[in-house]
Amino acid sequence: MATTEPSKTYLKTLLQYYEEEIEGAAYFDTLAERLNEPDQRKKMVLMADVERYASAAVEPLLEKYDLKPQAKEQLFKSGNNQATASSLNWTAILEGMIKTFPGYIEMFKDLEAMAPAEDRPMLEVLTAHEVAALEFLHLESQLDPSSTLPMMHYLKTGTAETPGDAKEQT
Ligand SMILES: [Fe+2]
């Protein structure tokens, strides 16, 4: 069976999403620096780590297709600027992301659907980062003391599990 030829849309979207993860990591790092609560800062650094894990997971695909992302400095700058403009109200930060993240999960799933089969395992790691982050956000907004477990689990395995599963395996 012939390998599926990747579409231009697939390649363009893959590159765009990769760049957005690099920006996202810078965004969360800068947001962490701006927050006063050590606990909130730690959680935003974890979000940045999750972004870094996700972008690293798809990096081999950029090499495979010889896709050239914008310079990291440029992407960092853009992420930093977004964080500088962001609210520092914890509830508002969480609520904002709880609203937007489900849409991102759908977008990542769409990317998986247009990918050649052999690329999908790496793209699943990308999708999982958003699932894990969204689980964190839901738990955190419910003041669950184990809210970071989904992200810790993701950083160990590259997969998203329900918080209950993550707890059992920790
Ligand atoms: Fe992300």
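These numbers were taken from a predicted model, which means no experiment stands behind them.

Comments concerning the overall build of the protein
The number of helices and strands found in the protein is seven helices and zero strands. The C-alpha atoms of the protein give a radius of gyration of 16 Å, which matches the 15 Å a tight globule of 170 residues would have. Counting the 170 residues in the protein, one finds 35% classified as buried. Partitioning the intrachain contacts of the protein with sequence separation of at least 6 by distance along the chain shows that 68% fall at a separation of at least 24.

Some thoughts on the environment of I93
Within the fold, I93 resides in helix α4 (residues 90–114). Sequence separation between I93 and L137 is 44 residues, and the spatial gap between their C-alpha atoms is 9.5 Å.

Notes on helix α3 (residues 72–84)
End to end, α3 covers 18 Å across 13 residues, agreeing with the expected 18 Å (1.5 Å per residue, within 8%). Listed as buried for α3 are L75, G79 and A83. Taken around the axis of α3, the buried residues stretch over an arc of 75°, which confines them to a single face. Opposite its buried face, α3 presents the exposed residues E73 and T84, each directed more than 90 degrees away. On the buried face of α3, the contacting elements are α1 (8–34).

As for the nonpolar core
Formed by 38 residues in total, the largest nonpolar core has its most connected members in V50, V58 and A132. At the level of elements, α1, α2 (38–64), α3, α4, α5 (120–141) and α6 (149–157) are the ones that each hand at least two residues to this core. Contacts of A132, omitting those with residues within four sequence positions, involve V50, P150, M151, H153, Y154 and A160.

With respect to the confidence of the model for the protein
For the protein, per-residue confidence averages 93 on the pLDDT scale, and residues scoring 70 or more make up 92% of the total. Low pLDDT, under 50, characterises residues 166–170; the predicted model gives this stretch eight contacts beyond four residues in sequence or across chains.

Re the environment of D29
For D29, the position within the fold is in helix α1. Sequence spacing of D29 and R41 is 12 residues, and the spatial spacing of their C-alpha atoms is 8.5 Å.

Cut-offs used in this document
Residues numbered from 1 in each chain as written. Predicted model: local features only at pLDDT ≥ 70, side-chain atom pairs only at ≥ 80, totals over all residues. Helix = DSSP H or I, 4+ residues; strand = E, 2+ residues; numbered from the N terminus. Rg over C-alpha atoms; globule rule 2.2 N^0.38 Å. Buried ≥ 20, exposed ≤ 12 C-beta atoms within 10 Å, placed from the backbone. Contact = placed C-beta atoms within 7 Å. Expected span 1.5 Å × (residues − 1). Arc of directions from axis to C-beta. Core = buried A, V, L, I, M, F, W, Y, C linked by C-beta atoms within 7 Å. pLDDT = per-residue confidence, 0-100.

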